[in-house]
Amino acid sequence: YTTSLPWLNWPIDETNREVAWQFAKKLMKKLKPEQLQQFQATYKDGLDRKFFVRLTKEELEQDCGHWIVTFPVFQDDKPLHACRLVWMANQPMKISKRSFNQHLAAGYNNVSNLVIMLIKFRAAKWTMIGDISRMYHKFAVNYDDSLFLKFVAITEDEEGKPRLEACRSQTLPFGLVSSGFIATLLMREHVKKYLDNPEYAKSVRQLLTHEIGRAHV
């Protein structure tokens, strides 16, 4: 599935390019060697899976779109996913003082109904637990909108030394206020295809009725 971002205010006049590059330079110096390796491994995995793509020379020279500060979150309790890249979309821009997320529709917010969500969780016979950032990567963002998801990654040169690289996300990133709602909506629309299949119909109806999987907090 390919989706657009749910824009509220258009256009975003600030590229945020300088801020993103300066942050990445400081981050590259701050991270410990083992943390750099985890960052680089996560970024390379995203490239291999086509979640991310390097900017072309033409895209890099264009003064359009938007750059979002991106940083790693290290998860020692998850050996198979020790590092997650997060888009700092709540960061205020220099001129407008508005964040990237303030330009997007958020959709349904489960956090505001946390008590109700916990009650539903306890009442449900079956629940599913998954990594939501990986769920986000299952959904592509159209090309024009992906130009607003540029970021600076840390990779390494031919000598194995860390260097910065310009790229953009081709999928829903972790950190956008709308990613959870969009991914959940598309997932629910996808499973509706199996309503006519006797083998899966009952499970699909339970998923749609009890909203299992919508607790993306």
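For the structure given in this document, a descriptive report is provided here. (Residues numbered from 1 in each chain as written. Predicted model: local features only at pLDDT ≥ 70, side-chain atom pairs only at ≥ 80, totals over all residues. Heavy atoms only, no water.)

## Focus: helix α2 (residues 33-48)
Here comes step 1: Between its first and last C-alpha atoms α2 spans 22 Å; for 16 residues at 1.5 Å apiece the expected length is 22 Å, and the two agree.
Here comes step 2: For α2, the set of buried residues is L36, F39, Q40, T42, Y43, G46 and L47. Along the long axis of α2, the arc covered by the buried residues comes to 160 degrees, so they all point the same way. Of the exposed residues in α2, the ones pointing more than 90 degrees away from its buried face are P33, Q37 and D48.
Here comes step 3: The inward-facing, buried residues of α2 abut α1 (17-30), β2 (52-54), β3 (70-74), β4 (83-87), β6 (150-156) and β7 (162-169). (Helix = DSSP H or I, 4+ residues; strand = E, 2+ residues; numbered from the N terminus. Expected span 1.5 Å × (residues − 1). Buried < 20%, exposed > 50% of the residue type's maximum accessible area, 1.4 Å probe, protein only. Arc of directions from axis to C-beta. Contact = heavy atoms within 4.5 Å.)

## Remarks on the environment of R98
Here comes step 1: Examined against the element boundaries, R98 turns out to sit in the loop between β4 and α4 (114-123).
Here comes step 2: Note: C-alpha distance between R98 and I12 (86 residues apart in sequence) is 9.7 Å.
Here comes step 3: In terms of polar contacts, R98 uses its side chain to reach the backbone carbonyl oxygen of Q102, at 3.1 Å. (Polar contact = N/O pair within 3.5 Å; in protein donor to acceptor, adjacent residues only side chain to side chain.)

## What about the side chain of S146?
Here comes step 1: Among the secondary structure elements, S146 is positioned in helix α6 (residues 143-146).
Here comes step 2: Here S146 falls in the buried class, since its relative accessible area comes to 0%.
Here comes step 3: Here Y143 takes part through its backbone oxygen, which lies 2.7 Å from a polar atom of the side chain of S146.
Here comes step 4: When sequence neighbours within four positions are dropped, the list of residues in contact with S146 reads V141, R168 and S169.

## A short note on the packing of aromatic side chains
Here comes step 1: Inspection of the entire model under this criterion finds 10 aromatic pairs.
Here comes step 2: When the ring of F52 is compared with that of W87, the centres are 5.8 Å apart and the planes differ by 45 degrees; the resulting orientation is tilted. Residue F52 is located in strand β2, and its partner W87 is located in strand β4; the two are separated by 35 residues in the primary sequence.
Here comes step 3: The exposure class of W87 is buried, given its relative accessible area of 2%.
Here comes step 4: Relative to F151, the ring of W87 has its centre 4.9 Å away and its plane inclined at 70 degrees; by these criteria the two rings are edge-to-face. With a gap of 64 residues between them, W87 in strand β4 and F151 in strand β6 connect regions that are remote in the sequence. (Phe/Tyr/Trp six-rings, centres within 6.5 Å; stacked < 30°, edge-to-face > 60°.)

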